[in-house]
Each structure stands twice: as C-alpha cells, then as structure tokens.
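Take a look at the letters that make up each chain.
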Amino acid sequence: MRVLIVDDETLARQRVRRLLQNESDVEIVGEAESGLEAVEMIRALRPDLVCLDVQMPGLDGFGVLREIEGGPVPMVLFVTAYDEHAQRAFDVHAVDYVLKPVDGDRFRAAFEKARKQRANAVAAERLGELLETVRRLADGGGEARDGAAALAGLALGAGGSSAAAAPPAAGAAAPSGSYASRILVKQDGRMYFVKTTEIDWIEADRNYVRLHVGKTAHTIRERISHLEETLDPRLFARIHRSTIVNLNRVREMQQWFSGDYVVILEDGTRLRLSRHYRDRVEKQVGV
C-alpha cells in the first residue's frame, strides 16, 4: 500500500513513519509539511492512503480534501490531537480517526481497517473480471451461452436474467455500430453500473483507469486502450496517452506550448491535449 504522511509537526511525522515501517506491505511515498504541499503530492503521487493531520497552518486537513475533489481521492486516516473533528471525519468517509499522542496498538488497528478496505476493493475488482469473462462466454453458442447466462444471473443477483442482455463489458471490443452504454464499477464491496454519458473524463493509472463522474472518481481494473475501443467515438476522444474526454463536457481549448493544447471542461478541469492526438481529435469534432 502506497502511503503519504501529512503533518506540520516533524516529531508527529516521524512517529507515524516508524509505525508504518512495521507493516510489510507499505511503501511510504512521501511526507508533506503543509496542506498545500499535501494537495500537490496527492495529485502527483496518487497514494492509496494518506495519514492526514487536521489542524495545519494555511490549509487544514479538511481543506486538503476539498482541494482534491474531482480528482483521484485516496483513503484517509486522520491523525490529530483534537477529538472535536471526529464527526466531520466520519462525514467525509475517513477510514479512521487516531488521536495524538499516537498509541501503537490504536494506530495498527486503524491501519488494519485501511488494509481491509483496500482488500475488499481488490476482491470486487476480481469479481468484476469474472463477470466480464462470463459475458464474453455468453457471446458463444449453445450450452456455453446458456451456462454463462445462468452464471451471470447468479453473480449479479439478477434472478437468472440473461447476461446476453447486458451492455458490452468495458475492455471488450465493441461490435461495429455498438458501444458500451454502461460500465460496471465496484466500491466498498458493492457493484453497480455507471452510464457512459455521465462520465466527464477518464484517466489511466497503469493497469487501472479512473472514471470521473462529477465530483466522484471510480477506479476499475482496465487498460485505457481497451476501454477506448468500447466507447462511442462520437462522444469520447482520446486526447493524451493517459486521458479520454467526453466531448460534450468540453468548454474550450487553449493553445499551450510545444504544439500542445489545454482542454477545459465545463467544471473548470484542465486537461492536456498532446500533439500526438491533436489531428485525431480535430477530425472527431469536425475541425
């Protein structure tokens, strides 16, 4: 698990670092001394978990979370000297809330919650992969199709409904003239569909992609090149090797430097349009 430590007190950061070093599955990706530095490092490093102080000069812990809304949001473990913020921590779905001075056993219990939460997300992703395999089998014939449809009905809790009626799975090449209308996502052990028309933009993160829907980001295990094949090119455009954008969300494009452009979405999000994809995008939008 990739962890970022955020606290304006050096001794507090050292204490958390020592406790994390006892965990075999932890990589400490950095330390931030202020809220503003934390925002920059979260955006650049994309940690799985942030051990976050609440009261810091300039921008407090809750301010950090406000600043990263609309982008990748890691799990948050608050580490603070004040207990009056516990309810707000619950409201923002923090993993846990640990008081200073940090007790080793209490911190390990809180970290275990984060580990289990991440494990649940991985398990949900694997189940999603199973469902995708089932749907692909359902495209076959005869007994294979019938068996796959039954298995998909059980996995989805659909009471035996046919998987063949589901939209194309993310990652499977869409037939000519047919594109995915929904994408299966998993969160906190639940599975549900996101309509592709509701997606603002998509970013790649190694073998994962993040679907940005308003202020929410959903992470699924998929390569961006495979996902691109399932999306309607009249609606979505690849603007960078790591970015796909919903053309209906684009407000304007501004020239940047070195032949690149900045794509600005309706909500103010700024995305880079690289030279490599510029000609393709211009053809898609009819320029």
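Peer 1: Explain the packing of aromatic side chains here, please?
Peer 2: Pairs of aromatic rings are described using the distance from one ring centre to the other and the angle between the two planes. Evaluation of the coordinates by the stated rule reveals two aromatic pairs. Taking the centre distance of 6.4 Å and the plane angle of 55° together, the rings of phenylalanine 78 and tyrosine 97 count as tilted. Of this pair, phenylalanine 78 sits in strand β4 (residues 75-80) while tyrosine 97 sits in strand β5 (residues 96-99), and the two are 19 residues apart along the sequence. A network of ring pairs unites the aromatic residues Phe62, Phe78 and Tyr97 as a single cluster. Positioned above the aromatic ring of phenylalanine 193 is the side chain of arginine 182, whose terminal nitrogen or guanidinium carbon lies 4.0 Å from the ring centre.

Peer 1: Teacher, can you tell me more about unusual backbone geometry here?
Peer 2: Peptide bonds are mostly trans, and most non-glycine residues show a negative phi. Residue lysine 100 is joined to proline 101 through a cis peptide bond whose omega torsion reads -5°. Of note, proline 101 is situated in the loop between β5 and α5 (104-138). Even without being a glycine, arginine 46 presents a positive backbone phi close to 50°. Checked against the element boundaries, arginine 46 lands in the loop between α2 (35-45) and β3 (49-52). Exposure remark for arginine 46: the relative accessible area of 24% places this residue in the partly exposed category. Here arginine 206, not a glycine, exhibits a phi torsion of approximately 55°, which is positive. Within the secondary structure, arginine 206 sits in the loop between β8 (201-205) and β9 (208-213). For arginine 206, a relative accessible area of 62% corresponds to the exposed category.

Peer 1: What exactly am I supposed to notice about the side chain of threonine 80 here?
Peer 2: With respect to the secondary-structure elements, threonine 80 resides in strand β4. In this structure threonine 80 touches Asp53, Val54, Tyr97, Val98, Leu99 and Lys100, once residues within four positions along its chain are discounted.

Peer 1: Mind showing me how you'd approach the sheet that holds strand β2 (residues 27-32) here?
Peer 2: Strand pairs in the sheet, formed through backbone hydrogen bonds, run parallel or antiparallel to each other. Strand order across the open sheet formed by five strands is β2-β1-β3-β4-β5, with parallel pairing between neighbours. Here the strands that pair on one side only, and so sit at the sheet edges, are β2 and β5. For this sheet, the mean inter-axis angle between neighbouring strands, taken without regard to orientation, is 20°. Here β4 pairs with β5 via four bridges, running parallel.

Peer 1: Would you take a moment to explain the nonpolar core for this structure?
Peer 2: When a protein is soluble and globular, its nonpolar side chains tend to lie buried together. With 22 residues, the main nonpolar core has Leu4, Val6, Leu52, Val64 and Phe78 as its most contacted residues. When contributions to this core are tallied by element, the ones reaching two or more residues are β1 (2-6), β2, α2, β3, α3 (61-67) and β4. Counting residues per element, this core draws most heavily on α2, at four residues. Those residues in contact with phenylalanine 78, other than ones at most four positions away along the chain, are Leu52, Val54, Gly61, Phe62, Leu65, Ala89, Val92, Ala94, Asp96, Tyr97 and Val98.

Peer 1: Sorry, what's going on with helix α1 (residues 10-20) here?
Peer 2: Structural remark: α-helix, 3.6 residues per turn; residues separated by three or four positions point the same way. Buried within α1 we find Ala12, Arg13, Val16, Leu19 and Leu20. Along α1, the residues classed as buried sweep out an arc of 130° about the axis, all on the same side.

Peer 1: Explanation requested: α2 in the structure shown.
Peer 2: Of the positions making up α2, those classed as buried are Gly35, Ala38, Val39, Met41 and Ile42. Residues of α2 that are buried sit in contact with β1, β2, β3 and α3. Just downstream of α2, arginine 46 is the residue with a positive phi angle, here 50°.

Peer 1: Would you mind going over the environment of glutamate 266 with me for this structure?
Peer 2: Here glutamate 266 shows up in the loop between β14 (261-265) and β15 (270-273). Separated by 15 residues in sequence, glutamate 266 and arginine 251 have C-alpha atoms that sit 5.2 Å apart.

Peer 1: Help me understand the sheet that holds strand β11 (residues 236-240), please; the structure alone is not making it clear to me.
Peer 2: Taken together, the five strands give an open sheet; going across it, the order is β10-β9-β8-β12-β11, and neighbouring strands pair in antiparallel fashion. Here the strands that pair on one side only, and so sit at the sheet edges, are β10 (216-221) and β11. Sheet twist, expressed as the average angle between the axes of neighbouring strands with direction ignored, equals 25°.

Basis of the calculations
- In this numbering scheme, every chain counts its residues from 1 along its sequence in written order.
- At least 70 in pLDDT is required for a residue's local features to be given in this predicted model, at least 80 for side-chain atom pairs to be given and counted, and no such filter applies to totals for whole chains, interfaces and linings, which use all residues.
- Water and hydrogen atoms play no part in the side-chain values, which are based on all heavy atoms of the structure.
- Note on ring pairs: Phe, Tyr and Trp rings are taken, using the six-membered ring of Trp, and paired if centres are within 6.5 Å. Classes follow the plane angle, with under 30 degrees stacked, over 60 edge-to-face and the rest tilted.
- Strands here are runs of E lasting at least two residues and helices are runs of H or I lasting at least four, both read from the DSSP assignment and numbered beginning at the N terminus.
- By definition, being over a ring means that NZ of Lys or CZ of Arg is both within 6 Å of the ring centre and within 35 degrees of the ring normal.
- The buried label applies to any residue whose accessible area, calculated with a 1.4 Å probe on protein chains only, is under 20% of its type's maximum; exposed applies above 50%, and partly exposed to all values in between.
- We call two residues contacting when some pair of their heavy atoms lies within 4.5 Å.
- For two strands to pair, DSSP has to find at least two bridges joining them.
- Axes, fitted as lines to C-alpha atoms, cover a helix only where it is in contact. Angles between the N-to-C directions of the axes lie from 0 to 180 degrees.
- For this analysis, a nonpolar core means a set of buried residues of the types Ala, Val, Leu, Ile, Met, Phe, Trp, Tyr and Cys, connected via side-chain atoms within 4.5 Å.
- Arc definition: directions from the helix axis to the C-beta atoms.

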